[in-house]
Each structure stands twice: as C-alpha cells, then as structure tokens.
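# An overview of the molecular structure
Okay, here's what each chain looks like letter by letter:
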Amino acid sequence: MKRSRRSFLKIAGISALGIGSKPILNAFSASAPQGDTPQPAVMRKPEALTAKHWAMVIDTTKFKSRDDFKPIIEACHSIHNVPELKNKNHEIKWIWEEGYKHAFPTLENPYFEEKVKDLPFLVLCNHCENPPCVRACPTKATFKRESDGIVLMDFHRCIGCRFCMAACPYGARSFNFRDPRPFIKEEKINLKFPRRTKGVVEKCNFCAERLAVGQLPACVEAANGAIIFGDLADPDSDVRKLVSTNYTIRRKLSLGTSPSVYYIV
Ligand code: SF4
Ligand code: SF4
C-alpha cells in the first residue's frame, strides 16, 4: 500500500529533528519502489568496481564537435530510463550540454584561449565531496555513500519537496512534474533500472548499479576515451595522474562543494 504524502512529511519532520531513521546504504532500498519495475541491486557483487573516491575527468580537448556528445547522452539516458519530454520546463536530464559561461560563471582565467569560452561542456551531477543537496533533503532520500563518495538517491523516499534542487548550485537535479513513464519509448525501456513516477527528483548516480557489477559508467564507455573515471584517492589511477599533470577546472569551486568532476581544457 502506498504511504500518504502526509505520513512521508511526518517522517521528514522527524528526520529534520535528527530523530529519524539512519541513512539507507542501498541506493534503491528493498521496500516498495515508487516506480513499477524491479529494483536493481546496487549492493556490490564480488566483481564490483570499488574506490575510496570515485571521480571523473572530462577531457574537452578530445571532443571535435557537439555531435560527439550525442552518443554519450543517449547511452546514459537510455540505460536509466530517462524520458524524452518536449516541454523544456519538464525536461529530465542526467547529463547534458552547457555553454562555458553557464557551466563556469565564476571561473575567470584571463589566460584562457578565447576558443575555450566558446566550447560546449558536458555537465552532470558533480558528486560533490561536500554536497548541499544531501544536507537539504529532509527524508534522507539523497545521501552520500561514504565508502566511495557517490551521492545517491533512494527514489521511494523522495517526497518531491525539491529542497535538494534549490540547494544544488549546478542544476544537476530534475523533477518529474508529470509521470515520465509514457515518455520512454517501449523498445528503449531498461527493465533492470527503475522507472520513476510523478513527483520524484532524479539525477546522475555515477552508474552505481553498473559499478556494482564490475562495469564502468555508460557515459565513459560511450566517450571513446574522452571521459575517464577512477579512484582519485589512488595515486596510480588514471584520473589521479590526469588531474596531477593537466590543467583542470571544476564548476563553481568558490562555493566549497568540491566537485568530483574535473575538466581538462
Ligand atoms: S552537483 Fe548538485 S546534486 Fe550533485 S552532489 Fe553536488 S549539490 Fe548534489
Ligand atoms: S556516470 Fe552514469 S549516470 Fe552519470 S552521467 Fe555518466 S552514464 Fe549517466
């Protein structure tokens, strides 16, 4: 039986007072989902890829045109059942394109070549080390997995208050203003990943469900080497070496969120 919004809000109130239940360690808890498909296990299997701090490096120098973004966005959105909504106000985005000025409004480097400022950038949830969205969520529907730093969501705990959206300075979260399920093409439905319902917030999960079974994120696999993913805490990892040896930028660093997504420019 579905719980009423009122009972959810009671939970929210209790949680806000700090008397609530402990954070869920499974991104999609085992209890009744809000979607209509089986919950994928993001509990790690023996073959899982693990890290102390998952991070991503997007090498913008490897993209020739915006057309290179399309298969990457498609890979992410199709495996995660992201609906295609024509109305921009209702759009759901896990990874998308932004212009430099919007992606990096606070970054001022007078030595950047002008062409960098004309580049489009792929943006997604930054899986911030200090995520304001987590602090804002009254029900702990969004939480940081301390073992590897991924900021996850438990869709069925989301009460749609959108405090997390207001708190995220990157616009990385989308709200389902309408039931998204009719807007996923039947032939594209991934039955292993939950579809969401009206009134739920969603965002990139760093492909936690793929890492759990030993696979890299879908965007990484589709990017032909332009997106690199790995353990920033490991000095021998590719991401660590790239961040150490290249000039990289991160979004809105001055806010103190400490994004885990780096851009080589
Ligand atoms: S980018 Fe936004 S949604 Fe993602 S962890 Fe940071 S504050 Fe949260
Ligand atoms: S890490 Fe996974 S969920 Fe996040 S943008 Fe890439 S494909 Fe999408």
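Residues numbered from 1 in each chain as written. Chains lettered and ligands numbered in written order. Predicted model: local features only at pLDDT ≥ 70, side-chain atom pairs only at ≥ 80, totals over all residues. Heavy atoms only, no water.

### As for the overall build of the protein
For clarity, the threshold we go by: Runs of E in the DSSP output that reach at least two residues are strands. Runs of H or I that reach at least four are helices, and both are numbered from the N terminus. Burial classification: accessible surface area is computed with a 1.4 Å probe over protein chains only, and a residue below 20% of its type maximum counts as buried, one above 50% as exposed, and the rest as partly exposed. Throughout, the Shrake-Rupley method with a 1.4 Å probe supplies accessible areas, and for residues the shown protein chains are the sole cover considered.
Along the protein, the regular secondary structure elements total 9 helices and 10 strands. When each of the 265 residues of the protein is scored for burial, the buried share is 51%. Counting every atom, the protein has about 13400 Å² of accessible surface; 55% of that belongs to carbon and sulfur.

### Here's the deal with unusual backbone geometry
Of note in the backbone geometry, Arg162 takes a positive phi value of approximately 70° without being a glycine. Of note, Arg162 is situated in the loop between strand S5 (151-153) and helix H6 (163-167). Despite not being glycine, Lys252 has its phi angle at roughly 45°, a positive value. Here Lys252 shows up in the loop between strand S9 (248-249) and strand S10 (261-264).

### Topic: the sheet that holds S9
Selection rule: Two strands are said to pair when DSSP picks up at least two bridges between them.
Pairing is mixed in the open sheet, where 4 strands are placed in the order S8-S1-S10-S9. Where the open sheet ends on each side, the last strands, each with one partner, are strand S8 (227-231) and S9. Bridging between strand S1 (residues 54-59) and S8 involves 5 bridges; their strand directions are antiparallel. Across the sheet, the residue bridging to Ala55 is Gly230, located in S8.

### Considerations on the packing of aromatic side chains
Filter applied, for reference: Any Phe, Tyr or Trp ring, taking Trp's six-membered ring, that has another such ring centre within 6.5 Å forms a pair; planes under 30 degrees apart are called stacked, those over 60 apart edge-to-face, and the others tilted. Over a ring means this: the NZ of a Lys or the CZ of an Arg is within 6 Å of the ring centre and within 35 degrees of the ring normal.
Within the structure shown, the criterion is met by 10 aromatic pairs. Judged by centre distance (5.7 Å) and plane angle (35°), the rings of Tyr100 and Phe104 are tilted. In this pair, the class of Tyr100 matches that of Phe104, namely buried. In this arrangement the basic side chain of Arg162 is found over the ring face of Phe175, its NZ or CZ atom lying 4.5 Å from the centre.

### Things to note about the environment of Gly230
Condition: By definition, residues are in contact when any of their heavy atoms lie within 4.5 Å.
Looking at the element boundaries, Gly230 is found in strand S8. The class of Gly230 is buried, set by a relative accessible area of 9%. Remark: the alpha-carbon pair of Gly230 and Thr50, spanning 180 residues in sequence, is separated by 9.0 Å. Not counting residues up to four positions away in its chain, the partners in contact with Gly230 are His53, Trp54, Ala55 and Val239.

### Observations regarding the nonpolar core
What counts, and what does not: Here, nonpolar core means buried Ala, Val, Leu, Ile, Met, Phe, Trp, Tyr and Cys residues that are tied together by side-chain atoms lying within 4.5 Å of each other.
In terms of nonpolar packing, the biggest core is built from 57 residues, with Met56, Ile58, Phe206 and Ile227 touching the most fellow members. A total of 4 residues in this core trace back to one element, the largest contributor, which is strand S3 (residues 120-124). Leaving out residues up to four positions away in the same chain, Ile58 has contacts with Phe63, Leu122, Leu124, Ala226, Ile227, Val261, Tyr262, Tyr263 and Ile264. Ile228, Leu232, Val239 and Ile264 belong to the second largest nonpolar core, which has 7 residues in total.

### Digging into the site of ligand 2
This is how it is decided: Here a residue is considered near a molecule or strand provided that any single heavy atom belonging to it is located within 4 Å of it. Gly falls in the polar group here, along with every residue not listed as nonpolar (Ala, Val, Leu, Ile, Met, Phe, Trp, Tyr, Cys, Pro) or charged (Asp, Glu, Lys, Arg).
In the vicinity of ligand 2, the contacting residues are Cys76, His80, Trp94, Ile95, Leu124, Cys204, Asn205, Phe206, Cys207, Pro217, Ala218 and Cys219. Of the residues that constitute the shell around ligand 2, the class distribution is 10 nonpolar, 2 polar and no charged.

### Some thoughts on the environment of Arg210
As for its position among the elements, Arg210 is in helix H7 (residues 208-211). With residues up to four places along the chain from it excluded, the contact list for Arg210 reads Ile79, Gln215, Leu216, Pro217, Ala218 and Glu221.

### Here's the deal with the pattern of salt bridges
Quick reminder of the rule: Each reported salt bridge corresponds to a side-chain nitrogen of Lys or Arg within 4 Å of a carboxyl oxygen of Asp or Glu.
Following the criterion strictly, the structure yields 12 salt bridges and no others. Between Asp67 and Lys70 there is a salt bridge whose closest N-O contact spans 3.2 Å. Residue Asp67 is classed as partly exposed on the basis of its relative accessible area of 49%. Between Lys185 and Glu84 there is a salt bridge, and its shortest N-O distance comes to 3.7 Å. With a gap of 101 residues between them, Lys185 in the loop between strand S6 (174-175) and strand S7 (201-202) and Glu84 in the loop between helix H2 (70-79) and strand S2 (95-99) connect regions that are remote in the sequence. Through salt bridges with shared partners, a single network forms among Glu74, Glu84, Lys185 and Lys188.

### Looking at the confidence of the model for the protein
What counts is decided by this rule: A residue's pLDDT is simply how confident the predictor is in it, with values from 0 to 100.
When pLDDT is averaged along the protein, the result is 86, and 84% of the positions lie at 70 or above. In this model residues 1-39 is a low-confidence stretch, pLDDT under 50, and it forms 74 contacts with partners more than four residues away in sequence or in other chains.

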